[in-house]
Amino acid sequence: MGVQQLQAFRPENWTHDVLQCDQPVLVDFRAPWSDPVLFHNGELEDFQIEWHDFVRVGFADAFRFQDLIFRHPVGEFPTLALFQSGHWVKAFGGPGRVKALREWLLTPEAMDEEDPITHILKDIWE
């Protein structure tokens, strides 16, 4: 399967494509000066290919759209954030963010009944 292009999240599509999306959304908050963005881009696209039935994957340019960053607890760049039903669920920062996300998806915390992504994960593992 070929590499798919990641969706670009911008202020004009943020509400519809992230906050009101009917599936979980994974947003890579990027900054042009953070080298891991370029290094891990293929890894994130691989994740998108594997999980496209369950999670929408895209990115937000933190430099061009700073108002998105101020609305969410982004502590470093790059940060990979998982949203569900308009809520920030979990974040993974730095160069190992995609690997950390994959590892978290296998933990009991990810399957916590109180976590809004639980029903999606149960569909995946069953």
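You'll find the structure just up there.
Criteria and cut-off values
Residues numbered from 1 in each chain as written. Predicted model: local features only at pLDDT ≥ 70, side-chain atom pairs only at ≥ 80, totals over all residues. Heavy atoms only, no water. Helix = DSSP H or I, 4+ residues; strand = E, 2+ residues; numbered from the N terminus. Contact = heavy atoms within 4.5 Å. Areas by Shrake-Rupley, 256 points an atom, 1.4 Å probe, with all protein chains shown as cover. Pairing = 2+ DSSP bridges. Axes fitted to C-alpha atoms, helices over the stretch in contact; angles between N-to-C directions. Salt bridge = Lys/Arg side-chain N within 4 Å of Asp/Glu carboxyl O. Buried < 20%, exposed > 50% of the residue type's maximum accessible area, 1.4 Å probe, protein only. Phe/Tyr/Trp six-rings, centres within 6.5 Å; stacked < 30°, edge-to-face > 60°.

A. Up close: the overall build of the protein chain. The secondary structure content of the protein chain amounts to 5 helices and 5 strands. For the protein chain, the sequential pattern of α-helices and β-strands runs β-α-β-α-β-α-β-β-α-α. Restricting the contact set of the protein chain to residue pairs at least 6 apart, pairs at least 24 apart contribute 65%. Surface exposure of the protein chain reaches about 6,800 Å², of which carbon and sulfur atoms provide 53%.

B. Region of the structure containing unusual backbone geometry. Phi at Ser85 takes a positive value of approximately 55 degrees, unusual for a residue other than glycine. Tracing the sequence through the fold places Ser85 in the loop between strand S4 (79-84) and strand S5 (87-93).

C. A look at the sheet that holds strand S2 (residues 25-30). Pairing within the open sheet is mixed, and its 5 strands lie in the order S1-S3-S2-S4-S5. Edge positions in the sheet fall to strand S1 (7-8) and S5, since each has one partner strand and no second. Two elements, S2 and S4, share 5 bridges in a ladder whose sense is antiparallel. Its bridge partner being in S4, Val25 is matched across the sheet by Phe83. Each of S1, S2, strand S3 (56-61) and S4 touches helix H1 (residues 11-19); the most contacted strand, S2, lies at about 140 degrees to it. The strands touched by helix H4 (residues 97-104) are S2, S4 and S5; relative to S5, the strand with the most contacts, the crossing angle is about 125 degrees.

D. Region of the structure containing the pattern of salt bridges. This structure, assessed with the given rule, holds 5 salt bridges. With a shortest N-O distance of 3.6 Å, Asp17 and Arg56 are connected by a salt bridge. A residue pair is termed long-range when its members are at least 10 positions apart, and Asp17 in helix H1 and Arg56 in strand S3 qualify at 39 residues. Assessed through its relative accessible area of 11%, Asp17 is described here as buried. Ionic contacts of the salt-bridge type, sharing partners, join the residues Asp28, Arg30 and Arg97 into one network.

E. Representation of the packing of aromatic side chains within the structure. Applying the stated criterion to the full structure yields 8 aromatic pairs. Ring geometry for Trp51 versus Phe54: centroids 6.4 Å apart, planes at 70 degrees, classification edge-to-face.

F. Quick peek at the environment of Arg10. The topology assignment puts Arg10 in the loop between S1 and H1. Each C-alpha atom, one on Arg10 and one on Ala62, is 9.7 Å from the other, the two residues being 52 residues apart in sequence. When neighbours within four sequence positions are excluded, Arg10 is seen to be in contact with Phe65 and Leu68.

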